[in-house]
Each structure stands twice: as structure tokens, then as C-alpha cells.
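Each chain, letter by letter, is given below.
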Amino acid sequence: MKKTVTRFAPSPTGYIHIGNVRSAIYPYLIARQNDGTFILRIEDTDQARYVEGATELIEDTLKWLGLEWDEGPEVGGENGPYFQTERKSHYIEWAARLIKAGRAYVDDTPSEKIDEYRKADNGAKIPYLYRNHRPANANKTPEENFALMGEGHPIRFKTIPKDYEWHDEVMGDMKTGPEVCDDIILIKKDGLPTYNFAHIVDDAEMGVTHIARGVEYLSSMPNYLALYEALGLDRPYFLSLPHILAPQGNKKLGKRDGAKSVTEYRDDGVLPEAMLNYLACLGWNDGTEQEIYSKTDLLKAFSIDRIQNSGARFDEVKIFWYNGQWIRKIFTEQGIDELYSRTEGFWPEAAANEPDDYKKKVLSIIYDRLKTLSDLRTMTEYFFVDPKIDLSQITENKFLKKLSESELIDLMTMTIERLNDVDDWSEENLQNELNELLAKSGKKPAEFFSLVRIAVSFAPFSPALHQTLSVLGKDKVLYRLNLVRTALNNA
RNA sequence: GGUCUCGUAGUAUAACGGUUAGUACAACGGGUUUUCAUCCCGUCAACGCGGGUUCGACUCCCGCCGAGAUCACCA
């Protein structure tokens with residue numbers, strides 16, 4: 001049995017966005033499931049679109065998602081190099097084989113001439129096929145063609161139009177006619193290969209068994225099949241992955257639609273587990289009603305034949321739902337320390353010098369309200385700095401506005417006096433104290449608790465009151481309650 | 001225009017040719033001593049259209065409609 005080898009082969013033209021990261025996830029899963037090899041290969045043959053630093057961005061994204069590669073940049077491997085620009089001689093060699101076999105030719109047709117062909121065909125409403133304009137060189141001997149090499153001309157495949165049938169693991173059985181076979185360019189005039197040629201050479205040399213890529217490559221398949229045939233190569237398994245659609249319209253999600261980079265979600269406080277979970281399940285399911293999948297779960301459950309073949313719309317709301325699920329899952333299964341370790345960089349500035357233990361306590365009572373880790377920035381401010389007193393939050397509160405000012409002041413006084421005598425500041429005890437205060441106040445829970453809650457936080461929401469008070473500590477609580485009482489008195 | 005692909009609620013999806021068409025997100029309503037959230041309960045909501053095949057079609061076949069991809073010395 002041949003060893004399973006898959007690859008992710010991006011171009012270093014920028015960050016990895018949501019729309020194309022699945023073509024890394026699925027090959028990764030396939031490789032891991034079959035005890036195979038997952039290769040990262042950088043397809044940098046288009047010098048005009050090359051972006052400095054993009055390779056690092058790509059590596060960064062894969063690492064964050066936990067998609068470690070076995071061969072590729074940084075880690076090396078026996079099938080390197082893994083940058084196509086460093087493999088130039090390989091492509092020339094394979095192209096030379098085709099020339100020798102009479103299946104490729106050096107094309108010295110001026111590009112203006114080619115433009116004319118295209119315009120003429122388009123004008124006449126006939127499909128533009130270069131093979132209809134095949135130049136005389138195509139019929140020269142291999143020796144004559146070799147003599148032309150190195151003069152800055154592209155090398156073209158000399159196709160033999162025919163029917164093709166093949167199986168796509170996602171799309172099913174496919175077939176096309178000769179009308180889609182053409183003399184595609186193998187080597188550009190700059191001496192570098194086109195994607196069309198390079199990926200076939202590389203996949204063959206690297207022993208790749210499964211190719212997963214976007215459906216946009218489906219229409220090029222006949223030309224790829226012709227190349228496999230001409231080169232005497234076995235066909236790998238093909239997986240055409242449907243597009244991820246933009247939130248609006250029916251276009252595929254791309255950078256122009258404002259598709260965020262994967263790492264932007266990281267910086268917004270999305271956990272890699274949640275992102276992997278969401279993306280893997282966007283266009284794939286295992287037929288059960290399970291929603292939450294860890295990487296381990298995915299490795300168990302994933303199967304190629306259950307990849308959806310229609311496009312799926314990207315939905316940010318659902319990512320945040322997954323993220324909330326994962327925040328809670330990590331807390332309950334791995335504990336506060338693990339969750340806390342993920343929160344670095346997401347706390348409000350005021351928390352900068354606070355001890356870890358205190359921040360952990362805050363996290364432990366607020367984690368189940370977080371959609372993203374960056375919510376910490378806005379939701380926990382009052383744990384670290386005294387809130388700005390804004391009496392309107394009390395006087396206009398839907399529960400409190402029916403109380404008179406003197407009632408409010410009396411309630412505050414009663415609470416301050418009672419809490420002042422409390423030494424056991426544990427959550428449990430505070431719960432008891434608050435219950436007794438509530439009973440004594442004769443108010444509804446909504447009234448009494450809201451008053452205390454707002455007085456210590458002035459935030460639109462907070463964790464349960466007894467927890468909030470316990471974590472804040474006696475000094476801060478009494479200090480803030482006193483400030484508010486004074487403010488009410490002076491109002 | 002040629003070629004190819006796709007089509008179940010707003011979204012993601014499930015359903016040997018036989019189900020009251022299931023689930024999740026969202027929305028809406030309710031419950032848990034306050035808020036926000038979690039959790040729980042409930043409501044709304046879908047097989048693109050038309051033919052066939054069949055006792056019976058979301059499921060198979062054909063046509064149509066709609067959406068998308070591709071037709072580069074980009075990948």
C-alpha cells in the first residue's frame with residue numbers, strides 16, 4: 001500500500017484567509033488519519049504577486065491551528081526544496097522530457113500575435129483555443145526545439161484533444177470532451193513554470209497521493225490529466241473543495257470581500273480549537289448530530305466521502321458560538337490555568353500589573369459570558385479600576401427608577417453597615433448575607449441586587465453578585481458603596 | 001458564448017424510494033433570586049420549478065429556472 005502523502009501548497013501572496021484554509025485542514029486530516037505525510041510547499045513562481053513575509057504568515061497560521069507539517073519550510077525533508085523557485089531545474093528537466101517525446105514545443109510566437117488570435121476568436125464567438133493557432137515550431141524536431149530553449153520563449157504542451165473521464169472524490173464521476181484540451185504553457189518566458197505544470201511535477205516527485213484544492217481548478221482537470229498521461233504518471237486522488245461563500249451575495253469568499261485572515265480571528269480572541277472546529281464542519285459532517293469536534297475527534301470522524309459538494313456560506317456568528325462553547329469546554333475539561341494561559345494580551349490595560357491569581361479569579365467567574373477572549377477587555381474593567389460613578393445608571397434603571405432617592409440611600413446604608421461586619425468574604429457566605437439583606441430590605445431581588453451590582457461596577461452586566469463582590473474583596477466593595485452613597489446624598 | 005459544477009428553513013446541515021422532513025446557529029417567547037451570559041423549555045421556518053419512472057420521489061431520469069466556476073506567460 002502506497003504511503004499517503006498530502007500537501008498544502010499556497011502562494012505567498014498574502015495571508016491565509018478563511019476561504020482557503022480548508023484546503024490545508026482536509027489534507028492534514030487525511031495525512032494524519034493514514035499515518036502519512038503532510039507537506040507544506042510554497043508555490044512562489046509568480047514573482048509579480050510575491051509578497052514579502054507571506055510565507056511566515058502562512059506558517060504562523062498553520063501552527064496556530066495546530067496543522068503541523070512533516071516536510072516543508074523550517075522542517076526540511078527528503079523531497080525538498082519546498083519553494084518552487086528553488087526547484088527550477090526540475091521543471092526544465094521534465095519539460096525537456098516532453099519536448100524529447102514530441103509533446104512540447106518552444107513557442108516563439110510574439111505575444112501581440114497571441115492577443116490578436118484571442119481577440120479574433122472572441123469576436124467570432126468561437127472558443128479561444130491556442131492549439132487552433134499552433135505555430136510551426138510545434139512540428140519541429142526535438143533537437144530544433146532544444147536549440148530554441150534558453151532564448152526567453154515559453155514552452156507549451158502539445159496536446160492531443162480527446163475525451164477524459166475521471167473521478168473526483170468530492171464531486172463524483174466527471175467527463176469532458178476534446179473541446180477543453182489545449183496547448184497550455186508549461187514554462188513561462190521567465191524560465192519559471194506555470195502552476196499547471198509545476199504542481200504536477202512537484203506532486204509526482206514528492207509522492208503526493210491526494211490533491212485537495214478549490215473547485216476553480218476543476219475545469220483545468222483535462223489538461224492536467226493530459227500531462228499525467230504524457231509524463232507517464234499515475235493520477236493521484238482529486239478532491240475539489242467547494243467554495244466558501246461571502247456573507248452577502250453568492251460569490252466565493254475572497255480578500256476583496258473583506259475576508260479576514262485566519263489570524264485576525266486569533267487576535268480577536270477566537271481559540272484555534274473553535275476555528276478548526278468551525279472550518280472543518282463548514283461543508284463536512286459525519287452524519288451524526290455532534291457539533292463540537294476537537295482535532296482528535298476530527299481525526300476519528302473525518303471522511304472524504306462526506307465532504308459537501310455545494311458551497312457553504314461563511315457565518316461569523318457561528319464561529320463566535322463555537323468559540324463560546326470552546327471557552328467553556330476548556331474551562332471544564334482542562335481547568336482555569338489552561339484557559340487563563342490563553343488570555344494573555346486580552347485583558348484591559350488597567351489589569352497590566354495585577355497578580356495572576358486575581359485575574360484568574362476574575363476569569364473563573366466571567367468565562368461563561370465570553371464570546372471571544374477580547375471581551376475581557378470590555379467586560380472586566382471594573383475589577384481593576386474603580387468605575388466612574390454615573391448616577392443615571394441607577395436612577396434610570398428599569399427596576400430602580402420607581403424607588404425614591406431616600407429609599408436608595410437607606411438601602412445603601414443598610415448594605416454598607418451589614419457588609420462592614422462581615423469577615424468571611426467567601427462566595428457562599430456573601431450569598432447568605434445578601435439573601436438576608438434582601439429579606440430585610442423588603443424589596444424585590446431585581447431591585448436590591450441591581451442597586452448593589454450597579455454601585456460596585458457601573459457596567460451593563462456582571463457575573464452573579466455574590467461572586468463579583470467576593471472577587472472584588474471587602475475593601476474595594478465598601479469603598480465603592482460609600483462613594484455611591486455619598487454621591488446619592490449630594491444629588 | 002463554450003465547458004463544468006451546485007440547488008433542503010435566514011445560515012450550516014441530516015434523512016436504505018415509505019419520517020408529523022431531524023439537528024445546530026440565528027430570530028422570537030418563557031423558565032432559573034438582579035443585569036449580561038450560561039443552562040433548560042417552547043415557537044417560527046425548508047425539499048427551486050415542471051414533467052416522467054413508481055403503489056409511493058427530497059431521494060432515480062429528463063427538461064427548465066436560478067446561482068457559481070473556468071476559458072492567462074495567476075494560482
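Cut-offs and rules
- Residues numbered from 1 in each chain as written.
- Chains lettered and ligands numbered in written order.
- Predicted model: local features only at pLDDT ≥ 70, side-chain atom pairs only at ≥ 80, totals over all residues.
- Helix = DSSP H or I, 4+ residues; strand = E, 2+ residues; numbered from the N terminus.
- Rg over C-alpha atoms; globule rule 2.2 N^0.38 Å.
- Buried ≥ 20, exposed ≤ 12 C-beta atoms within 10 Å, placed from the backbone.
- Contact = placed C-beta atoms within 7 Å.
- Domains from an automatic or database assignment.
- Nonpolar A, V, L, I, M, F, W, Y, C, P; charged D, E, K, R; others polar.
- Near = placed C-beta within 6 Å.
- Pairing = 2+ DSSP bridges.

Draft legend 1. Looking closely at the overall build of chain A. Across its full length, chain A holds 20 helices and 11 strands. For chain A, the C-alpha radius of gyration of 32 Å lies well beyond 23 Å, the compact-globule estimate for 491 residues. In terms of its C-alpha atoms, chain A occupies a principal-axis envelope of roughly 105 × 50 × 40 Å. Burial statistics for chain A: of 491 residues in total, 33% are counted as buried. Within chain A, counting contacts between residues at least 6 apart in sequence, those at least 24 apart form 78% of the total.

Draft legend 2. The environment of arginine 49, seen in detail. Mapped onto the secondary structure, arginine 49 falls in the loop between strand 2 (37-40) and helix 2 (54-65). Counting along the chain gives 299 residues from arginine 49 to proline 348, while the straight-line C-alpha distance between them is 39 Å. Those residues in contact with arginine 49 that sit more than four places away from it in its chain are Ser11 and Thr13.

Draft legend 3. Structural detail: the domain arrangement of chain A. What the domain assignment reports for chain A is domain 1 (264-380) and domain 2 (392-490). Taking only C-alpha atoms, the centre of domain 1 and the centre of domain 2 are 33 Å apart. Across the contact, 4 residues belong to domain 1 and 4 residues belong to domain 2. Grouping the amino acids of the side of domain 1 that touches domain 2 by side-chain chemistry returns 3 nonpolar, no polar and 1 charged.

Draft legend 4. The protein's contact with RNA strand B, seen in detail. Around RNA strand B, 66 residues are found, and the nearest of them are Tyr195, Asn250, Ser310, Arg313 and Phe461. Going through the elements one at a time, helix 4 (111-123), strand 6 (172-176), helix 6 (195-206), strand 11 (312-313), helix 11 (316-334), helix 17 (427-441) and helix 18 (445-457) are the ones with two or more residues in the surface near RNA strand B. Of all the elements, helix 18 adds the most residues to the surface near RNA strand B, at 5 residues.

Draft legend 5. Broad picture of the pairing of strand 5 (residues 164-168). Relative to strand 6, strand 5 is paired through 5 bridges, and the arrangement is antiparallel. Each bridged residue has a counterpart across the sheet, and for tryptophan 166 the counterpart in strand 6 is methionine 174. Hairpin connection from strand 5 to strand 6: 3 residues lie between these consecutive antiparallel strands.

Draft legend 6. Main features of unusual backbone geometry. Cis geometry is found at the peptide bond from glycine 80 to proline 81, where omega equals -5°. Inspection of the secondary structure puts proline 81 in the loop between helix 2 and helix 3 (88-100). Here the phi dihedral of aspartate 35 falls at roughly 55°; this positive angle occurs in a residue that is not glycine. Along the chain, aspartate 35 falls in the loop between helix 1 (22-33) and strand 2. By C-beta crowding, aspartate 35 is classed as exposed, having 8 other C-beta atoms within 10 Å. The backbone of glutamate 74 shows a phi angle near 75°, a positive value even though the residue is not glycine.

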